[in-house]
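Observations on the model geometry
These are the residues of each chain, in order.
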Amino acid sequence: MDPELATLAQSAAVTLVGLMATDAWERTRDGVVGLWLRARPERADSVAAELTTTREDLSTDTASEGELAAEWQGRIRRLLTDQPQVAMELRRLLDELAPGALPAVAPVSQRATADGHSRIYQAGRDQHISER
């Protein structure tokens, strides 16, 4: 295998596993599955399932990060060996996922005022209210 493609596979695998526990996960997963969808569509569904499994494994055992990255390095290396034209698209995806390329999350600010017997319910996410 071309050493440049081997290095790209290694970099992609480390980036992929590193982003599994971040807010960029969905974007990362969609980009990786998209690569397989275009290069080897028959494998795209299984790659999506393997990504989910890897993320679950990582959430229960962060010490396995290196091992998981090595597994993905092998998968990506095989894809690049079979489909070298994917390398340019993979580089583009890695550039998009670089820390400086991800959009910053705007801070959330909530303010409310209540008068009399009014009630205010504010939440940054799900909220369940049970009143009788």
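Located above this text is the structure these notes cover.
Please read all numbers here as calculations on a predicted model, not as lab measurements. (Residues numbered from 1 in each chain as written. Predicted model: local features only at pLDDT ≥ 70, side-chain atom pairs only at ≥ 80, totals over all residues. Heavy atoms only, no water.)

1. A look at the overall build of the protein chain
Going by this rule: Put simply, DSSP H or I for four residues or longer makes a helix, DSSP E for two residues or longer makes a strand, and each gets a number counted from the N terminus. The buried label applies to any residue whose accessible area, calculated with a 1.4 Å probe on protein chains only, is under 20% of its type's maximum; exposed applies above 50%, and partly exposed to all values in between. A contact between two residues is defined here by any heavy atoms of the two lying within 4.5 Å. Per-residue and other accessible areas were derived by the Shrake-Rupley procedure at a 1.4 Å probe size, with only the shown protein chains allowed to occlude residues.
A tally of helices and strands in the protein chain yields five helices and zero strands. Each helix (α) and strand (β) of the protein chain, taken in turn from the N terminus, gives the series α-α-α-α-α. Once the C-alpha set of the protein chain is aligned to its principal axes, its extents read approximately 75 × 30 × 30 Å. Across the 132 residues that make up the protein chain, the buried fraction comes to 30%. For the protein chain, the share of sequence-separated contacts (at least 6 apart) that also reach a separation of at least 24 residues comes to 63%. With the model as given, the accessible surface of the protein chain reaches about 9100 Å², and the carbon-plus-sulfur share is 49%.

2. So, the environment of G34
Counting through the fold element by element, G34 comes out in helix α2 (residues 25–39). The spacing of G34 and A48 is 14 residues in sequence and 9.6 Å in space, taken between C-alpha atoms.

3. A few points about the packing of aromatic side chains
Formally: Any two rings among Phe, Tyr and Trp, with Trp reduced to its six-membered ring, count as a pair given centres within 6.5 Å; such a pair is stacked if its planes are under 30 degrees apart, edge-to-face if over 60, and tilted if neither.
Using the criterion set out here, one finds one aromatic pair in the structure. Aromatic pair W36 and W72: ring centres 6.2 Å apart, planes at 85°, arrangement edge-to-face. Separated by 36 residues along the polypeptide, W36 in helix α2 and W72 in helix α4 (residues 65–82) bring together distant segments of the chain. On the basis of relative accessibility, which here comes to 3%, the residue W36 falls in the buried class.

4. Focus: a negative patch on the surface
Where we set the bar: Residues enter a patch when their relative accessible area is above 30% and they make no salt bridge; the linking distance is 9 Å between like charges and 5 Å between nonpolar side chains (Val, Leu, Ile, Met, Phe, Trp, Tyr). Put simply, a salt bridge is a Lys or Arg side-chain nitrogen that is within 4 Å of an Asp or Glu carboxyl oxygen. Note on charges: Lys and Arg go in the positive column, Asp and Glu in the negative column, and His and the chain ends are not counted at all. A charge is said to be at NZ when it belongs to Lys, at CZ for Arg, at CG for Asp and at CD for Glu.
There is a patch of like negative charges on the surface, built from E56, D57, D61, E67 and E71. Listing elements by their share of the negative patch, those giving two or more residues are α3 (44–60) and α4. By secondary structure assignment, the location of E71 is in helix α4.

5. Considering helix α5 (residues 86–97)
Where we set the bar: A helix is expected to span 1.5 Å multiplied by its residue count minus one. Picture the helix axis, draw a direction to every C-beta atom, and the arc is the one those directions span.
Here α5 spans 16 Å end to end across twelve residues, near enough to the 16 Å set by a 1.5 Å rise per residue. Three or more residues of α5 are buried, namely V86, A87, L90, L93, L94 and L97. Mapping the buried residues of α5 onto a view down its axis gives an arc of 120°, with all of them on the same face. Turned more than 90 degrees from where α5 packs its buried face, M88 and D95 sit exposed. In this structure, the buried residues of α5 make contact with α1 (3–19), α2 and α4.

6. Looking at the packing of α1 against α5
Stated formally: A fitted line through C-alpha atoms serves as each axis, taken over the contacting stretch for helices, and the angle formed by two N-to-C directions is quoted from 0 to 180°. Crossings are classed by handedness, with left-handed meaning an anticlockwise turn of the near helix from the far one by less than a right angle and right-handed meaning a clockwise turn. All amino acids are sorted into three groups, where Ala, Val, Leu, Ile, Met, Phe, Trp, Tyr, Cys and Pro are nonpolar, Asp, Glu, Lys and Arg are charged, and the leftover types, Gly among them, are polar.
Where α1 contacts α5, the two axes come as close as 11 Å, and the packing angle between them is 35°. Remark: the crossing between α1 and α5 carries left-handed chirality. Contacts between α1 and α5 pair E4, L5, L8, S11, A12, T15 and L19 from the former with A87, L90, R91, L94 and L97 from the latter. Class assignment for the residues of the contact of α1 with α5 results in eight nonpolar, two polar and two charged.

7. A few points about the pattern of salt bridges
Taken as a whole and assessed by the stated rule, the structure comprises seven salt bridges. A salt bridge links R38 to E89, with the nearest nitrogen and oxygen atoms 2.3 Å apart. Residue R38 is located in helix α2, and its partner E89 is located in helix α5; the two are separated by 51 residues in the primary sequence. Looking at R38, the relative accessible area reads 56%, which means it is exposed. For E50, the salt bridge goes to R75, with nearest N and O atoms at 3.0 Å. With E50 in helix α3 and R75 in helix α4, the pair connects residues that are 25 residues apart, well separated along the chain.

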